[in-house]
Amino acid sequence: IFRYLRNFHNCTRGTLTPSVDIRERLQTLGFKNVSLLDRGVDGQLFHPKRRCAELRRQWGVTENDVVVLYVGRVAPEKNLQLAVDAYRAMKRVNETTKFVIVGDGPLRSALQREHPDLIFCGTCTGEQLAQHYASADVFLFPSETETFGNVTLEAMASGLVVIAYNYAAANMHLTHEQSGLLAPYGDARAFIDMAVNLAREPRLLGKMRRQARAHVVAFDWPRVIDRFASLLKSAHDF
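Residues numbered from 1 in each chain as written. Predicted model: local features only at pLDDT ≥ 70, side-chain atom pairs only at ≥ 80, totals over all residues. Heavy atoms only, no water.

A.B. asks: In this structure, what is going on with the overall build of the protein chain? I would like to understand it.
C.D. replies: Looking only at helices and strands, the protein chain features 11 helices and 8 strands. In terms of overall dimensions, the protein chain is globule-like: its C-alpha atoms have a radius of gyration of 19 Å, near the 18 Å expected for 238 residues. With the principal axes as the frame, the protein chain shows a C-alpha extent of 60 × 35 × 30 Å. Counting across all 238 residues of the protein chain, residues that qualify as buried make up 49%. Taken together, the 30 basic and 25 acidic charged side chains of the protein chain have centroids lying 3 Å from each other. (Helix = DSSP H or I, 4+ residues; strand = E, 2+ residues; numbered from the N terminus. Rg over C-alpha atoms; globule rule 2.2 N^0.38 Å. Buried < 20%, exposed > 50% of the residue type's maximum accessible area, 1.4 Å probe, protein only. Lys, Arg positive; Asp, Glu negative; His and termini not counted. Charge placed at Lys NZ, Arg CZ, Asp CG, Glu CD.)

A.B. asks: What should I look at first to understand the packing of helix α7 (residues 150-157) against helix α10 (residues 205-216) in this one?
C.D. replies: Helix-helix packing is characterised by the crossing angle of the two axes and by the distance between the axes. It is the contact of α7 with α10, at a shortest axis distance of 7 Å, that shows an interaxial angle of 115°. Contacts from Leu153, Met156 and Ala157 in α7 reach Ala212, Arg213, His215 and Val216 in α10. Class assignment for the residues of the contact of α7 with α10 results in 5 nonpolar, 1 polar and 1 charged. (Axes fitted to C-alpha atoms, helices over the stretch in contact; angles between N-to-C directions. Contact = heavy atoms within 4.5 Å. Nonpolar A, V, L, I, M, F, W, Y, C, P; charged D, E, K, R; others polar.)

A.B. asks: What am I meant to see in the packing of helix α4 (residues 80-93) against helix α9 (residues 188-200) here?
C.D. replies: The contact between α4 and α9 brings their axes to 8 Å, and the two run at 35°. For α4 against α9, the interelement crossing comes out right-handed. Seen from α4, the contacting residues are Leu82, Asp85, Ala86, Ala89, Met90 and Val93; seen from α9, they are Ala188, Phe191, Ile192, Ala195, Val196, Ala199 and Arg200. Taken together, the residues of the contact of α4 with α9 sort by class into 11 nonpolar, no polar and 2 charged. (Left-handed = near helix turned anticlockwise from the far one by under 90°.)

A.B. asks: How should I be thinking about the nonpolar core in this particular structure?
C.D. replies: Generally speaking, soluble globular proteins have nonpolar side chains that are buried together. If you look at the biggest cluster of nonpolar residues, it comprises 71 residues, and the most contacted ones within it are Leu69, Phe99, Tyr133, Phe139, Leu140 and Ile163. In contact with Leu140, not counting residues within four places along its chain, are Val68, Leu69, Tyr70, Ala83, Ala86, Ile163, Phe191 and Ala195. (Core = buried A, V, L, I, M, F, W, Y, C linked by side-chain atoms within 4.5 Å.)

A.B. asks: Got a minute to help me understand the environment of Val68 in this structure?
C.D. replies: Following the sequence through the fold, Val68 ends up in strand β3 (residues 67-71). Of the residues examined, Val68 reaches a relative accessible area of 0% and is grouped as buried. Here the alpha-carbon distance between Val68 and Tyr87, two residues 19 residues apart in the chain, equals 7.5 Å. With residues near it in sequence (within four places) discarded, Val68 still touches Tyr87, Met90, Thr97, Lys98, Phe99, Val100, Val138 and Leu140.

A.B. asks: I'm lost on α7 in this one. Help?
C.D. replies: Each α-helix turn comprises 3.6 residues. Residues three or four places apart therefore point the same way. With 7 of 8 residues buried, α7 is to be regarded as a mostly interior element. Taken together, the buried positions of α7 are Val151, Thr152, Leu153, Glu154, Ala155, Met156 and Ala157. Where α7 ends, the next residue or the one after it, Gly159, has phi of about 85°, a positive value.

A.B. asks: How should the sheet that holds β3 be read in this particular structure?
C.D. replies: Strands pair in a sheet through their backbones, by hydrogen bonds, and they do so in one of two ways: parallel or antiparallel. The sheet built from 6 strands is open, its strands ordered β5-β4-β3-β6-β7-β8 with parallel pairing. Looking at strand neighbours, the two that pair on one side only are β5 (119-122) and β8 (180-183), the edges of this open sheet. This sheet shows a mean twist of 20° between the axes of neighbouring strands, independent of strand direction. In this structure, β3 lies alongside strand β4 (residues 98-102), joined through 5 bridges in parallel fashion. Bridged to Val68 within β4 is Phe99. (Pairing = 2+ DSSP bridges.)

By themselves these figures say nothing about function.
Listed below in structure tokens is the structure:
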């Protein structure tokens, strides 16, 4: 099947990938004419101004407490147990820390039974989703199976400190200890340690949150569309 797919792609004028590491992996495997088409984010929808004190009160936290957030499918391939482990470690050094999960999936029922203190919000979209992002402080993204991970850009645009593995969108857009935290790919211990350091020193959040937002505002959808149009023209002229 793989050989068929590679031959199919190599008969086209181009294959577009969302991240540098996927492009390099395909090129190593013999794919030709592979180009990068980055993803964008709606920086007006996902914005720190949507932070909601009332929503945080519903979560049982004050403005000075730390809320960690996960947004995405609640499924085995998202490696959510690592996010839970990181949260538990954070809570041991800062007992007011809360963990909010936005999304749904096959693991939700089991996680709710095993961890009744976690706050499950279900699926959110549009302004409601943007409000949930902006009302948190730290975004835990433990997945090891992403081709990009749009939620990384959404969290950064919302002014959150993202903790993620150093690949896909996080590798492309985060600068370690400046606009977020990057753990070596697959190193669960490092991921947890970084989360604990933030819980122990929440004063570190402010600067990274501002720098995350400042970096990602340039990656709006019109820029992505212009890039796509340029790639189409290049393919036409090929």
